[in-house]
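Fold and geometry: a report
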Amino acid sequence: MPKGRSVCIGAPESLGISSIFPAARCKAMDLMPNPNGRLLESAGKWGLKPIMRVNVGHFDEVCIRAFFQRTGLLYELAEENADLILTHAPNFKDEEHYIFVGPSGIQVNASAEAGVAAALTTVYKASSGGFIPHFSLKDFPKYSHRGFMLDCSRHFFPLSVVKKVIEEMSLLKLNAFHWHLTDDQGWRIESKEFPELTENSGYDFYTQDEIREVVSFAKERGVDVIPEIDLPGHTTALLRVLPWLSCKGKAPEEAYLGDVFSIIACAGKEESYNFLEKLLGEACGLFESKYFHIGGDEAPKTEWMQCPNCNAYFERLGLSSFEDLQGHFTCRMAEFLRANGKTAICWNDVTSARELPDDLVIQYWNEFSGAGSVAERFSAGRPVIFSDLRNMYFDYPQDVVTVQKVYSYSPALGELSCSQAPNALGIQACLWSELFSTEKELEERMFPRIFALAENAWSNSRDYSGFMRRMKLESDEAKARGVRVAEF
Ligand SMILES: [Zn+2]
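Predicted, not measured: the structure shown is a model, and the values here were computed from it.

What counts and how
Residues numbered from 1 in each chain as written. Predicted model: local features only at pLDDT ≥ 70, side-chain atom pairs only at ≥ 80, totals over all residues. Pairing = 2+ DSSP bridges. Helix = DSSP H or I, 4+ residues; strand = E, 2+ residues; numbered from the N terminus. Axes fitted to C-alpha atoms, helices over the stretch in contact; angles between N-to-C directions. pLDDT = per-residue confidence, 0-100. Contact = placed C-beta atoms within 7 Å. Core = buried A, V, L, I, M, F, W, Y, C linked by C-beta atoms within 7 Å. Buried ≥ 20, exposed ≤ 12 C-beta atoms within 10 Å, placed from the backbone. Left-handed = near helix turned anticlockwise from the far one by under 90°. Nonpolar A, V, L, I, M, F, W, Y, C, P; charged D, E, K, R; others polar. Domains from an automatic or database assignment. Expected span 1.5 Å × (residues − 1). Arc of directions from axis to C-beta.

Taken in spatial order, the 8 strands close into a barrel running β9-β10-β13-β14-β15-β16-β17-β20, and their pairing is parallel. For this sheet, the mean inter-axis angle between neighbouring strands, taken without regard to orientation, is 30°. Where strand β10 (residues 176–180) lies against strand β13 (residues 224–231), 5 bridges are found, and the strand directions are parallel. Residue pairing for β13: Phe177 is matched across the bridge by Val225.

Given below as structure tokens:
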């Protein structure tokens, strides 16, 4: 966009984003999540202007767009007399930022775009009735990975809902949207190489253009979109379209309910690997994240054990268990992803295998699958994202996975706690959609627990009563934006 031109950044109504300012609060700076650095407030306030002059410095303009979409204001890029000045602070960590709001406007220091996006979210949330109170704040997150997963396979959610989820995440400085795109009940990602996956399958799906749109929408908000294509299990939707990929070459029955199905992709045929590499290679090009989730959970080995191809490959590799065949499968997929600039993530089930890719990130969800070895690998320095189902599964009822549980989840594996281990990347909530299909049900599972997730993931301090008071304010604001919040 050429410098010096006024740009209208309106908030499209279809996104469900209101362009009104947050309602006046009883106290100006009740931030959620609670900041880690010192907040200094002073008398006075600065009035936002209908057209703001912005000096973006060396930053990509992408990081200021969400602020202007949210406020409904216009901006023009300017070198001098800027109302908003972005300054590069090379010593700051990725999302660390400093904000100063004073008589001459807003200054933000950060080392990268994600830090600017987080800072401007704070500025936006501190604004009230078109004014921002004078304040300064240096802030930074506790965890680098602050995630939320949405299952769009079991039930499909339209693009507008996906964007709304990402916007709500961003307002709470959650930075990783894990997009569960494939499972037994539906294949939701368009492939130009294999159009049959969506063309005649009857599945609702996201086109490649829509996926790019989501990725860029999220980027403007400091949110990384991590896709998941679940392999080799949870592939009924895939195998129904391409039966030759299964061990017996027969299409499985349609999967209506969430379950663990025994027919999985064959790991003994070279054609399987060739196909999956083409499929993943194409998907890699749609996403900017350095991560790519390849599932790996709940893959029963019954079919593999009876399959001549799987057995021949098993013998050739000199393996001693079929869990190790999945380990080999994971290594091959991860190696391919690495060559495409991506790091693989898998659910902790894959830790049943002896050999795993060196760079693989484990997403922990329970202690039953891959039992024992997750803790060992975590102690040995393997990076782990924590999504314990008893604390982080938002499809569970609110009185089972309670706000307090989400707020106080402090992961540990074996002897090692997250706070002691730099390889604990962070925490992530998961919302599986087997049992609901509407936007309302989705939101009532997300809210208010997502506030507890955000504060747990960002803030070092713990103050549950202060959190509950701010959660009430945040809930009222979310409701004013049209979000359904469950009673608490
Ligand atoms: Zn097989």
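Let's shift gears to the confidence of the model for the chain. Residue-level pLDDT values for the chain average 93, and 94% of them are 70 or greater. A low-confidence stretch, residues 1–28 (pLDDT under 50), is modelled with 60 contacts involving residues beyond four sequence positions or located in other chains.

Turning next to the nonpolar core. Phe177 and Met333 are the most contacted members of the largest nonpolar core, which has 114 residues in total. Non-local contacts of Met333, meaning those with residues more than four positions away in its chain, are made with Leu231, Leu276, Leu280, Ile294 and Ala344. Among the nonpolar cores identified, the runner-up in size contains 32 residues, and Val54, Val56, Val108 and Leu120 belong to it.

Next up on the list: the environment of Thr122. Following the sequence through the fold, Thr122 ends up in helix α2 (residues 113–126). Through-space distance from the C-alpha of Thr122 to that of Leu137 is 9.5 Å; in sequence the pair is 15 residues apart. When sequence neighbours within four positions are dropped, the list of residues in contact with Thr122 reads Leu31, Ile99, Leu137 and Asp139.

With that settled, consider the packing of helix α7 (residues 270–284) against helix α10 (residues 322–339). α10 packs onto α7 with a crossing angle of 40° between their chain directions and a minimal axis gap of 10 Å. In this structure, α7 crosses over α10, and the sense of that crossing is right-handed. On α10, the residues touching Tyr273, Leu276, Glu277, Leu280 and Cys284 of α7 are Arg332, Met333, Phe336 and Leu337. Across the contact of α7 with α10, the residue classes tally to 7 nonpolar, no polar and 2 charged.

Glancing now at unusual backbone geometry. Of the consecutive residues Met32 and Pro33, the connecting peptide bond is found in the cis state with omega at 0°. Along the chain, the position of Pro33 falls in the loop between β1 (7–8) and β2 (39–47). Cis rather than trans, the peptide bond between Leu231 and Pro232 has omega equal to -10°. Structurally, the position occupied by Pro232 is in the loop between β13 and α6 (236–241).

Another aspect to go through is the domain arrangement of the chain. One can read the domain layout of the chain as domain 1 (7–139) and domain 2 (145–480). Using only C-alpha atoms to locate each centre, domain 1 and domain 2 end up separated by 32 Å. Listed as interface residues are 20 residues of domain 1 and, on the opposing side, 25 residues of domain 2. For the side of domain 1 that touches domain 2, the secondary-structure elements that each account for two or more residues are α1 (65–71) and α2.

Right, let's get into helix α16 (residues 464–480). Between the first and last C-alpha of α16 there are 24 Å, a value that for 17 residues agrees with the 24 Å anticipated at 1.5 Å per step. Among the residues making up α16, those that are buried are Phe467, Arg470, Met471, Glu474 and Ala478. Take α16 and look down its axis: the buried residues cluster within an arc of 120°, on one side only. Facing away from the buried side of α16 by more than 90 degrees, the exposed set consists of Ser465, Lys479 and Ala480. Residue Gly482 follows α16 closely and has a positive phi angle near 95°.

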